[in-house]
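Structural description and commentary
If you want the building blocks of each chain, they are given just below.
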Amino acid sequence: MVTFVDEVTLHLKAGSGGNGCVSVRREKFKPLAGPDGANGGNGGDIVLVADSQTTTLLPYHHLPHRKSDNGGFGMGDMRSGAHGATLELPVPVGTVVKSPDGEVLVDMIEPGMTFVAAQGGLGGLGNAALSSPKRKAPGFALFGTSGDERRIILELKTLADVALVGFPSAGKSSLIAAISAAKPKIADYPFTTLHPNLGVVQAGDTRYTVADVPGLVEGASEGRGLGLEFLRHVERCTALVHVLDCATLEPGRDPLSDLEIIRTELARYPVPEGQTPLIERPQIVVLNKIDVPEAEELAAFVRADIEALGYRVLEISTVAHRGLRELTFALAELVKAERERIPEVAPAERVVIRPTSSAPEFTVKAEGGSYGTLYRILGAKPERWVEQTDFKNDEAVGYLADRLDKLGIENALARAGATPGSPVVIGGGDGVVFDWDPAISSAAELTQAPRGSDARLEGNQRRTTHERRDAYKARQDARTIERALEDERRIAGSAAEAENPDVTE
């Protein structure tokens, strides 16, 4: 059963943004009183957080696929969609985040440090946000964009003050168990330790951490015996302790040859730029297992030769607890001296500066094919705009055409040699294909009413009370005049009959 994981691949999918809403406000005495469709919510981000209480990447080994929440859809009556919740993933302090091609994205070396590993999509604008004096009642809204989908590699490098290095079965696990409260696995066969163990040691007023690194063998710097996986846990340690086995029964091995092999592997291991090489860091040599008489004699024999190399040498026995106190205080002196040499400075508040990029916002590239030249448009803005467009809505397509024209894509296509009817694709891969017609700058010609207007609102001018009263009076006056004229015609007819009585009907 896996109990410790120091490298894992995460598959992340950030939440998508919610779609905007198309809605027209309806109130008593105010039919079709204007757009009130709200915006969609943004998708949730996926954020890595350096947590001092997390010591392993094991949870991500079992569940490598992580997804954050999507944003909610916008609704009428100006009700915006809810933003997707941010998904926080705690990682151990000392975790290095890399891209699949090995590029270091961030080094999580400080507790509480955060890194947005995948950004959520943007929520789409509703028709209320798209309205303007020229577009009083948009009949469309924008879709939300998709969240980032990416793959990252988490690599854990142990953060400790002191690292115990040496051959397998040299007694490193027994040593860390004797000087701290750590309880590593201890057995009488090589490679018992398969992952680093951390222990806290208190020596006087100094407290420091010790890492028990799995055993190294010759060729570890080239990957032999999982050496690269083990050596990376030594990168961040201040001091090194060479634990040499003076009671080994393996032929061809002795403390001097073991020390030389380990030193060679430490010198060959490349460290990141700016860090002190492993071989140049403060080091102490510990001759272990002197409770065995032959081992004690061998330790006394080789001690002078090791000291001649410039190392401080201590003789210990983890079984008999001999020399452990002297060792812990010697390590405390190294750690304290290193801390004084590089004083801890409170991290200053980081100011994020995002300068405007001088790179063009899009590129136009002509691609040859069996059916003629295809013009491909690549750029964050046009690709995002295409994703936000509802191509079933002619008004939305016209809005997209205007945005592309304002960005300068029409002129760029003409300069690239595009002619009317040339196929144009926006985005990588298949993308969205158009037939370019420079004579039509937008799709307004395809709509029944001018783009950005609502036919239901045109000609809906309700008369005021005074206008209705004036119209009523005008009708009454017209009827009065008509009746007066009718009376005059009737009177005139009666008079004519009285003057000519002989006229027969």
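This structure is a prediction, so every number in the text was calculated from the model and none was measured.

A few words now on the overall build of the protein. In terms of regular secondary structure, the protein is built from 11 helices and 18 strands. For the protein, the proportion of contacts with a sequence separation of at least 24, taken over those separated by at least 6, is 70%. Taken as a whole, the protein presents about 28,600 Å² of accessible surface, with 52% of it coming from carbon and sulfur.

Our focus in this paragraph is the pairing of strand β2 (residues 46–51). The buried fraction of β2 is high, at five of six residues. For β2 and strand β4 (residues 87–92), the ladder comprises six bridges, and the chain directions are parallel. Along β4, the bridge assignment pairs L48 with L89.

All right, on to helix α9 (residues 394–407) then. With 14 residues, α9 should reach 20 Å at 1.5 Å per residue; the first-to-last C-alpha distance of 20 Å fits that figure. The residue sitting at the N-terminus of α9 and contributing the capping side-chain oxygen is N393; that oxygen lies 2.9 Å from the backbone nitrogen of E395. A positive backbone phi angle near 100 degrees is found at G408, which sits one or two residues after α9.

It is worth spelling out the pattern of salt bridges at this point. Going through the model one piece at a time under the given rule, you end up with 14 salt bridges. In this structure, K98 engages E155 in a salt bridge whose closest nitrogen and oxygen atoms are separated by 3.4 Å. Residue K98 is found in strand β5 (residues 95–98), and its partner E155 is found in strand β8 (residues 149–156); the two are separated by 57 residues along the sequence. A relative accessible area of 9% means that E155 is categorised as buried. With its nearest N and O atoms 3.7 Å apart, the salt bridge here joins R312 to E333. Placement of the pair is R312 in strand β14 (residues 312–315) and E333 in helix α7 (residues 324–341), with a sequence separation of 21 residues.

Attention shifts here to the pairing of strand β6 (residues 104–108). Strand direction decides the pairing type here: β5 and β6, joined by four bridges, are antiparallel. Looking at β6, one finds that T95 is bridged to M108. Between β5 and β6, which follow one another and run antiparallel, lie five residues, and G102 among them has a positive phi close to 95 degrees.

Mean pLDDT over the protein stands at 80; residues scoring 70 or higher make up 82%. Within the protein, helix α4 (residues 227–231) has the poorest average pLDDT of any element, 54, and strand β3 (residues 65–67) the best, 96.

Here the focus is the sheet that holds β5. Overall, mixed pairing links the five strands, which are arranged β3-β1-β8-β5-β6 in an open sheet. If you trace the sheet from one side to the other, it starts and ends with β3 and β6, each paired once. For this sheet, the mean angle separating the axes of adjacent strands, direction not counted, is 25 degrees. Where strand β1 (residues 7–13) meets β8, seven bridges bridge the pair, whose relative direction is antiparallel. From the neighbouring strand, L12 faces β8, where its bridge partner is R150.

Conventions adopted
- Residues numbered from 1 in each chain as written.
- Predicted model: local features only at pLDDT ≥ 70, side-chain atom pairs only at ≥ 80, totals over all residues.
- Heavy atoms only, no water.
- Helix = DSSP H or I, 4+ residues; strand = E, 2+ residues; numbered from the N terminus.
- Contact = heavy atoms within 4.5 Å.
- Areas by Shrake-Rupley, 256 points an atom, 1.4 Å probe, with all protein chains shown as cover.
- Buried < 20%, exposed > 50% of the residue type's maximum accessible area, 1.4 Å probe, protein only.
- Pairing = 2+ DSSP bridges.
- Expected span 1.5 Å × (residues − 1).
- Polar contact = N/O pair within 3.5 Å; in protein donor to acceptor, adjacent residues only side chain to side chain.
- Salt bridge = Lys/Arg side-chain N within 4 Å of Asp/Glu carboxyl O.
- pLDDT = per-residue confidence, 0-100.
- Axes fitted to C-alpha atoms, helices over the stretch in contact; angles between N-to-C directions.

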